[in-house]
Amino acid sequence: MTMSKEFAYDAYQNLKKSLELKNRYPDDEIEKIINKNFVLSFYTIWETYAKKKVYDTYIDYEHILHTEDFIKRYLKKSFGKVYLSSIFLKDLRNTKVKKDILCQSNNLNWKEFEDLLLVIGFNKELIVDRINSSDDLSSLIKILKESGITPVQDSLSNSIFDNIKGYLSLVIDLRNTISHTYKMEIDEHLTNKQMITLIDLMKCLINIIEKYFEEEILTMYLHLNRTDTTIKILKVIRGCNGSGSQTAILEIKVTNKTVDLKSKQWKISSGNNKGFCKIEEIRIGNCRLKQLPFNKTCTISIKPTIKIRSSVGSYVLSPGLYKKNIGHNIISIQ
């Protein structure tokens, strides 16, 4: 089962709907069951989504993330605990990255989630910046505090990020209370308003995580040193400032048969100046084409993320971000 953003959203929406049962069947015992189900389900959706996001990202972009440093971090984690090393050593002829090792955690609090990010080589500071700049998260935190629910925090910091960590810790603490003792004292009950706001908070956080993962993968791919099929740009007919709204017009000729002629997303570079671009239009004279022609000079209109100048020596296009699972073994057995 894949816990995508959409699947997680639907799961949280269904959880929100389950709270209506308390109004339909007003009963203390039913309310306790619904409250317990809320806490257990809320955490399970978060853990399932977060771990699947990390593992699926590695699988989809193994050609980017499978570096020597990644192998070192993965092996260190594999032999950090006895039961993880047992999983790793079970079959030395199949030492491909395993979800049980890569995504191992106890309670998936924010620190544990950060550890998963570090294993695949992501910069954890960037997601902290994204969280701290979110007005939506700030508003939801304010609503939660005004409703009487406070985050579990180690310090007096009032940053959005520390509050997010604290509310996640609060849910985990409630979950552990239920899981380990099957008790939930009356003063630990959450109101419907508090639970609905917590769901909205988590959905907002998931949206930020999605954008953060996309940015990290794009950044890593952009600076990956590799030899890809390239298309040399013959001439810059019209440059642009790379703001994202302006277009540049380039003259190109595809002579390599391995080029994906239907691709619209590309990397564009000139020396150390690298970025991405999207082909908006392809033309030969006055004729518009649906795909790049082979072995014919054509012009393309692109929206790039970098400045395009006719004075620059040369630009080349290479394939944009793509998914590819190679299935590397961490170690090789002859």
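Report follows, based on the coordinates.

Conventions and cut-offs
Residues numbered from 1 in each chain as written. Predicted model: local features only at pLDDT ≥ 70, side-chain atom pairs only at ≥ 80, totals over all residues. Heavy atoms only, no water. 1 Å grid on protein atoms, 1.4 Å probe; cavity = no way out; pocket = protein on both sides within 12 Å on 5 of 7 lines; lining within 4 Å. Points joined across faces, edges and corners; volume = space filled by probe spheres on them. Helix = DSSP H or I, 4+ residues; strand = E, 2+ residues; numbered from the N terminus. Nonpolar A, V, L, I, M, F, W, Y, C, P; charged D, E, K, R; others polar. Buried < 20%, exposed > 50% of the residue type's maximum accessible area, 1.4 Å probe, protein only. Pairing = 2+ DSSP bridges. Core = buried A, V, L, I, M, F, W, Y, C linked by side-chain atoms within 4.5 Å. Contact = heavy atoms within 4.5 Å. Polar contact = N/O pair within 3.5 Å; in protein donor to acceptor, adjacent residues only side chain to side chain. Patch = residues over 30% accessible without salt bridge, like charges linked within 9 Å, V, L, I, M, F, W, Y side chains within 5 Å. Areas by Shrake-Rupley, 256 points an atom, 1.4 Å probe, with all protein chains shown as cover. Salt bridge = Lys/Arg side-chain N within 4 Å of Asp/Glu carboxyl O. Phe/Tyr/Trp six-rings, centres within 6.5 Å; stacked < 30°, edge-to-face > 60°. Expected span 1.5 Å × (residues − 1).

Considering empty space enclosed by the protein
Applying the stated criterion across every chain, the model contains 1 cavity of 30 Å³ or more. Taken as a whole, the largest cavity spans an internal volume of roughly 60 Å³. Lining the largest cavity, in full, are F42, I164, Y167, L168, V171, L198, L201, M202 and L205. Looking at the lining of the largest cavity, the elements with two or more residues in it are α11 (160-181) and α12 (192-222). Class assignment of the residues belonging to the lining of the largest cavity gives a composition of 9 nonpolar, no polar and no charged.

Brief notes about the pairing of strand β2 (residues 248-253)
Across the two faces of β2 the burial differs, with A248, L250 and I252 buried and I249, E251 and K253 not buried at all. Sheet topology places strand β1 (residues 231-238) next to β2; 4 bridges connect them, and they run antiparallel. Across the sheet, the residue bridging to I233 is I252, located in β2. Where β2 and strand β6 (residues 297-304) come together, 6 bridges link them in antiparallel fashion. For A248, the partnering residue across the bridge sits in β6 and is I302.

Re the nonpolar core
What tends to happen in soluble globular proteins is that the nonpolar side chains get buried as a cluster. In this structure, F38, W46, L102, I131 and L198 are the most contacted members of the largest nonpolar core, which totals 72 residues. When residues of this core are assigned to their parent elements, the largest contribution, 15 residues, is made by α12. Not counting chain neighbours up to four residues away, the residues in contact with W46 comprise Y12, L108, W110, F113, L168, M202 and I209. Among the nonpolar cores identified, the runner-up in size contains 23 residues, and I252, V259, W266 and C298 belong to it.

Some details on the side chain of E210
Summarising the element assignment, E210 is placed in helix α12. Here K53 takes part through its side chain, which lies 3.2 Å from a polar atom of the side chain of E210. Ignoring anything within four residues of it in the chain, the contact list for E210 reads K5, Y49 and K53.

Re a nonpolar patch on the surface
Taken together, the side chains of F79, L89, L92 and I331 present a nonpolar region at the surface, about 330 Å² in accessible area. Considering the arrangement of structural elements, one finds L89 in helix α6 (residues 82-89).

Quick look at the packing of aromatic side chains
The description of an aromatic ring pair rests on the distance of the ring centres and on the angle between the ring planes. Inspection of the entire model under this criterion finds 14 aromatic pairs. Aromatic pair W46 and W110: ring centres 6.4 Å apart, planes at 15°, arrangement stacked. Highlighted residues: W46 in helix α3 (residues 28-60) and W110 in helix α8 (residues 110-119), separated in sequence by 64 residues. Of the two residues examined, W46 and W110, each falls in the buried class. A ring pair is formed by F79 and F88, whose centres lie 5.2 Å apart and whose planes are at 65°; its orientation type is edge-to-face. Since its relative accessible area comes to 2%, F88 is described here as buried.

A look at α3
Across its 33 residues, α3 extends 47 Å between first and last C-alpha, which sits within 8% of the 48 Å expected from 1.5 Å per residue. Structurally, the start of α3 carries an N-cap: the backbone nitrogen of E29 is 3.0 Å from a side-chain oxygen of D27.

Some details on unusual backbone geometry
We note that N295 has phi near 65°; this positive angle belongs to a residue other than glycine. Considering the arrangement of structural elements, one finds N295 in the loop between β5 (287-289) and β6.

Notes on the environment of L190
Checked against the element boundaries, L190 lands in the loop between α11 and α12. L190 sits in the buried class, given a relative accessible area of 9%. Taking the C-alpha atoms as reference, L190 lies 38 Å from S78; in sequence the two are 112 residues apart. Among all residues touching L190, those that are not within four sequence positions of it are K22, N35, F38, I149, L174, M195 and L198.

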